[in-house]
Amino acid sequence: SGISILLLGILLMIVYPAVFRKSFVSLSTSVFRMASSTARPQEQFSMAFVTAPNAEEAKKIAGGLVSGKLAACVNIIPGITSVYEWEGKIETDPEVLMMIKTRTSRIPELTEFVRKNHPYDVCEVITTSIEGGNQPYLDWLAKTVPEKM
């Protein structure tokens, strides 16, 4: 009956707390993944953020992305300072940030283009979805960056 299963569960928690914790964490992680992956569809558009050492390098990358139809627009934001660990040392460098608007389906190609054309050994390419915005702008983005074929 339901009471016996509940009592068995409580007994297992008491006798084998580590096993229960591990099982519970695994189960709750699986439930969260299922809920988050099925909660809503993938957004049509995304933004990618890429840092570069200077505006000249950023302009080269941005021009290639836009002319290659991998991005509709790239904003180059000057004057950022990045603090990070590299090869065991804390580094502080001036950089520029590219905010790249594209289709979500083109992110893998965009990432590969940046990796091939970026001066850093390990370049930053991180993305987030665009959940909404000015509809005429989103329509323009859709016309400018074709779907991946």
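Conventions and cut-offs
- Residues numbered from 1 in each chain as written.
- Predicted model: local features only at pLDDT ≥ 70, side-chain atom pairs only at ≥ 80, totals over all residues.
- Heavy atoms only, no water.
- Buried < 20%, exposed > 50% of the residue type's maximum accessible area, 1.4 Å probe, protein only.
- Helix = DSSP H or I, 4+ residues; strand = E, 2+ residues; numbered from the N terminus.
- Arc of directions from axis to C-beta.
- Contact = heavy atoms within 4.5 Å.
- Phe/Tyr/Trp six-rings, centres within 6.5 Å; stacked < 30°, edge-to-face > 60°.
- Salt bridge = Lys/Arg side-chain N within 4 Å of Asp/Glu carboxyl O.
- Patch = residues over 30% accessible without salt bridge, like charges linked within 9 Å, V, L, I, M, F, W, Y side chains within 5 Å.
- Areas by Shrake-Rupley, 256 points an atom, 1.4 Å probe, with all protein chains shown as cover.

Some details on helix 5 (residues 135-144)
Taken residue by residue, helix 5 has Leu 138, Leu 141 and Thr 144 as its buried positions. One side of helix 5 holds all its buried residues, which, seen down the axis, span an arc of 125 degrees. Away from the buried face of helix 5 by more than 90 degrees, exposed residues Pro 136 and Lys 143 are located. On the buried face of helix 5, the contacting elements are strand 1 (45-52), strand 3 (89-103) and strand 4 (126-130).

As for the packing of aromatic side chains
For any two aromatic rings, the description comes down to two numbers: the centre-to-centre distance and the angle of the planes. All chains considered together, the criterion is met by one aromatic pair. Measuring from ring centre to ring centre gives 5.3 Å for Tyr 137 and Trp 140, while their planes differ by 50 degrees; the resulting arrangement is tilted. Within this pair, Tyr 137 and its partner Trp 140 are both found in helix 5, separated by three residues, close to a single helical turn.

A word on the pattern of salt bridges
Summed over the entire model, instances satisfying the criterion amount to six salt bridges. A salt bridge links Arg 106 to Glu 109, with the shortest nitrogen-to-oxygen separation between them at 2.6 Å. Given a relative accessible area of 28%, Glu 109 falls into the partly exposed group. Salt-bridge contacts for Glu 112 lead to Lys 116; the nearest nitrogen and oxygen are separated by 4.0 Å. With Glu 112 and Lys 116 both in helix 4 (residues 107-117), this residue pair falls four residues apart, about one helical turn. Residue classification places Glu 112 among the partly exposed positions, given a relative accessible area of 34%.

Let's talk about a nonpolar patch on the surface
A surface patch of nonpolar side chains, about 280 Å² in accessible area, is lined by Tyr 84, Trp 86 and Val 122. Turning to its location among the elements, Val 122 is positioned in the loop between helix 4 and strand 4. Residue class for Val 122 comes out exposed when judged on its relative accessible area of 57%.

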